[in-house]
Amino acid sequence: MARLRYAKTLEQVKADAERNPEFLSSVVRSLRVVYETDPALAAALVPKPLVPAARPEIAVTFSHVAMKLPGMTIEIGSTIFGARASYDGEEGTWLVTMPMTSEQSVLGGRDTYGEPKKIAQIAFAREGDVVTASVTRLGIPYLSARGTLREALGARKFTEVGYTMKAQPGCDPAAKGQAFDGEPLLVRLEWQHEHTDVRRVEGELTLRESPFDPVADLPVRRIVRMEYEEGTTQSNGRVLRSVPAEWLLPVFHQRYDDPGARGVEIPT
């Protein structure tokens with residue numbers, strides 16, 4: 001009898017779904033940076049129904065992640081870059097781009113949660129009290145940080161919230177003007193962090209020009225917080241609501257490589 005692994009029985013599908021944990025668990029080392037940029041730029045980055053935060057802050061987290069999956073552990077490099085925003089009074093981060101080093105994490109995150117993930121080369125290292133991290137895509141090292149560990153801040157346990165939009169570009173050329181195959185969905189992500197070691201970091205964040213990943217359009221005006229973290233993270237997500245296509249369209253292209261994007265003029 002031949003075996004075809006491209007197909008499952010419905011019983012196997014149901015059994016796999018029942019075995020999936022409520023949260024995916026990971027062991028993580030991170031360099032977390034929060035910086036202040038121009039208020040008008042930060043506000044223009046955030047689509048409705050999210051509300052830009054009162055403080056024009058951008059959150060960047062570089063991580064080395066040991067992700068625990070059923071029967072295996074996958075080690076990846078991960079970076080999160082997003083703007084502070086809230087929905088229905090709950091503060092979080094609107095996720096603008098999430099470069100990752102593995103295909104598994106990119107495909108699962110984009111399809112399941114609408115995360116704006118892309119394949120990238122991510123370097124993360126700690127040598128003594130010096131920690132460095134960088135992201136390179138298509139030969140361009142466009143995002144990096146370097147710092148020196150200072151005083152310990154103690155262990156901590158907290159929940160971090162992220163917001164994404166889950167949407168599929170329209171595929172039917174006959175449906176003129178139909179940008180998506182169905183209404184986009186606003187998704188709330190939740191990371192439950194338990195850090196056993198947290199240190200203040202004194203250092204710098206560098207944004208370099210890239211037509212594919214234009215993070216340099218959001219300049220660093222002031223570093224608000226820079227910290228090194230070690231511990232565990234559990235993550236999950238859920239759909240909050242559907243949204244009109246026109247709310248997402250002005251920023252949707254940012255999750256694809258669009259080097260021809262002219263952008264919009266923002267008075268600052």
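Details of the structure are given in the entry above.
Residue numbers restart at each chain and count upward from 1, following the sequence in its written direction. Only residues with pLDDT of at least 70 are given local features in this predicted model, and only at 80 or more are side-chain atom pairs given and counted; all residues enter the totals for whole chains, interfaces and linings. Hydrogens and water are ignored here; the side-chain numbers use all heavy atoms of the structure.

Stacked, edge-to-face and tilted are the three classes for Phe, Tyr and Trp ring pairs, Trp counted by its six-membered ring, which pair at centre distances within 6.5 Å; planes under 30 degrees apart are stacked, over 60 edge-to-face, the rest tilted. For the structure on display, the rule yields two aromatic pairs. Ring centres 4.9 Å apart and planes at 85 degrees place the aromatic pair phenylalanine 180 and phenylalanine 252 in the edge-to-face group. Here phenylalanine 180 is found in the loop between strand 10 (156-166) and strand 11 (185-207), whereas its partner phenylalanine 252 is found in helix 4 (residues 245-252), with 72 residues between them in sequence. Partly exposed describes any residue whose relative accessible area lies between the buried limit of under 20% and the exposed limit of over 50%, with all areas from a 1.4 Å probe on protein chains only and scaled to the type maximum. Owing to a relative accessible area of 4%, phenylalanine 180 belongs among the buried residues under this scheme. Helical segments are the DSSP runs of H or I of at least four residues, strand segments are the runs of E of at least two, and each set is numbered from the N terminus.

Looking now at the pairing of strand 9 (residues 140-152). Here eight bridges tie strand 8 (residues 130-137) to strand 9, and the two strands are oriented antiparallel to one another. By the bridge assignment for strand 9, valine 135 is matched with leucine 143. Linking two consecutive strands that pair antiparallel, namely strand 8 and strand 9, is a turn of two residues; a positive phi of about 50 degrees is found at leucine 138 within it. Sheet topology note: the strand 9/strand 11 ladder contains eight bridges and is antiparallel. In the sheet register, leucine 149 faces strand 11, and the bridge partner there is valine 201. We call two strands paired when DSSP finds no fewer than two bridges between them.

Detection works on a 1 Å grid of protein atoms alone, calling trapped sets that fit a 1.4 Å probe cavities and calling open sets with protein on both sides within 12 Å along at least five of seven lines pockets, with lining residues defined by an atom within 4 Å of a point. Grid points are joined across faces, edges and corners, and a volume is the space filled by probe spheres set on the points. Space inside the largest pocket adds up to approximately 890 Å³. Sorting the residues of the lining of the largest pocket by element identifies helix 2 (39-45), strand 5 (90-100) and helix 4 as the ones contributing at least two each. Tallying contributions element by element places helix 4 first for the lining of the largest pocket, with four residues. Taken together, the residues of the lining of the largest pocket sort by class into 20 nonpolar, five polar and eight charged. Looking at the second largest pocket, its volume works out to about 670 Å³. If you go around the second largest pocket, you meet 36 residues; those closest to its centre are Ser26, Met67, Lys117, Trp191 and Ser235. Every element with two or more residues in the lining of the second largest pocket is listed here: strand 1 (24-36), strand 3 (57-69), strand 4 (72-87), strand 5, helix 3 (103-113), strand 11 and strand 12 (222-242). Taken together, the residues that form the lining of the second largest pocket break down as 13 nonpolar, 17 polar and six charged. As a working rule, the residues Ala, Val, Leu, Ile, Met, Phe, Trp, Tyr, Cys and Pro are called nonpolar, Asp, Glu, Lys and Arg charged, and the rest polar, with Gly in that last group.

When you line up the elements, valine 201 lands in strand 11. Valine 201 sits in the buried class, given a relative accessible area of 6%. Taking the C-alpha atoms as reference points, valine 201 and leucine 31, 170 residues apart in sequence, are found 8.5 Å from one another. Note on contacts: a residue pair is in contact if any heavy atoms of the two residues lie within 4.5 Å. Not counting chain neighbours up to four residues away, the residues in contact with valine 201 comprise Leu31, Val131, Gly147, Thr148, Leu149, Met226, Glu227 and Tyr228.

Take helix 4 next. An α-helical turn contains 3.6 residues, so any two residues separated by three or four positions project in the same direction. Along helix 4, the residues classified as buried are Leu248, Val251 and Phe252. All buried residues of helix 4 lie within an arc of 105 degrees about the axis, which places them on one face of the element. Of the exposed residues in helix 4, those oriented more than 90 degrees away from the buried face are Glu246 and Pro250. Tucked inside the fold, the buried residues of helix 4 contact helix 2, strand 5 and strand 10. By definition, the arc is the one covered by directions from the helix axis to the C-beta atoms.

This part covers helix 3. Looking at helix 3, one finds that the buried residues are Ser105, Val106 and Gly109. Along the axis of helix 3, the buried positions cluster into a sector of 100 degrees, meaning they face one direction only. For helix 3, the exposed residues set more than 90 degrees away from the buried face come down to Glu103 and Gln104. Downstream of helix 3 by one or two residues, glycine 114 has phi in the positive range, about 70 degrees.

Looking at the element boundaries, glutamate 229 is found in strand 12. A relative accessible area of 2% means that glutamate 229 is categorised as buried. A polar side-chain atom of glutamate 229 sits 2.7 Å from a polar atom in the side chain of arginine 156. Contacts of glutamate 229, omitting those with residues within four sequence positions, involve Val28, Arg29, Ser30, Arg32, Arg156, His195 and Asp197. We define a polar contact as two N or O atoms separated by no more than 3.5 Å, with the added condition that, inside protein, one atom must be a possible hydrogen donor and the other a possible acceptor, whereas residues neighbouring each other in sequence contribute only through side-chain atom pairs.

Moving on: the nonpolar core. Counting 43 residues, the largest nonpolar core has Leu31, Val60, Phe62, Phe81, Trp94, Leu143 and Leu205 as the members making the most contacts within it. Broken down by element, this core gets its largest block of residues, five residues, from strand 9. For leucine 205, the contacting residues outside a window of four places in its chain are Val33, Tyr35, Val60, Phe62, Leu143, Ser144, Ala145, Val220 and Ile223. Each nonpolar core is a collection of buried residues, namely Ala, Val, Leu, Ile, Met, Phe, Trp, Tyr and Cys, held together in the definition by side-chain atoms within 4.5 Å. Listed in part, the 13 residues of the second largest apolar core include Met67, Ile74, Leu95 and Trp191.

At the junction of lysine 48 and proline 49, the peptide bond is cis and its omega measures out at 10 degrees in the coordinates. Mapped onto the fold, proline 49 is located in the loop between helix 2 and strand 2 (51-52). Positive phi is not limited to glycine here, since aspartate 88 has a value of about 50 degrees. Inspection of the secondary structure puts aspartate 88 in the loop between strand 4 and strand 5. One non-glycine residue, leucine 138, lies in positive phi territory at about 50 degrees.

Note that all results are geometric; they support no functional claim without further evidence.
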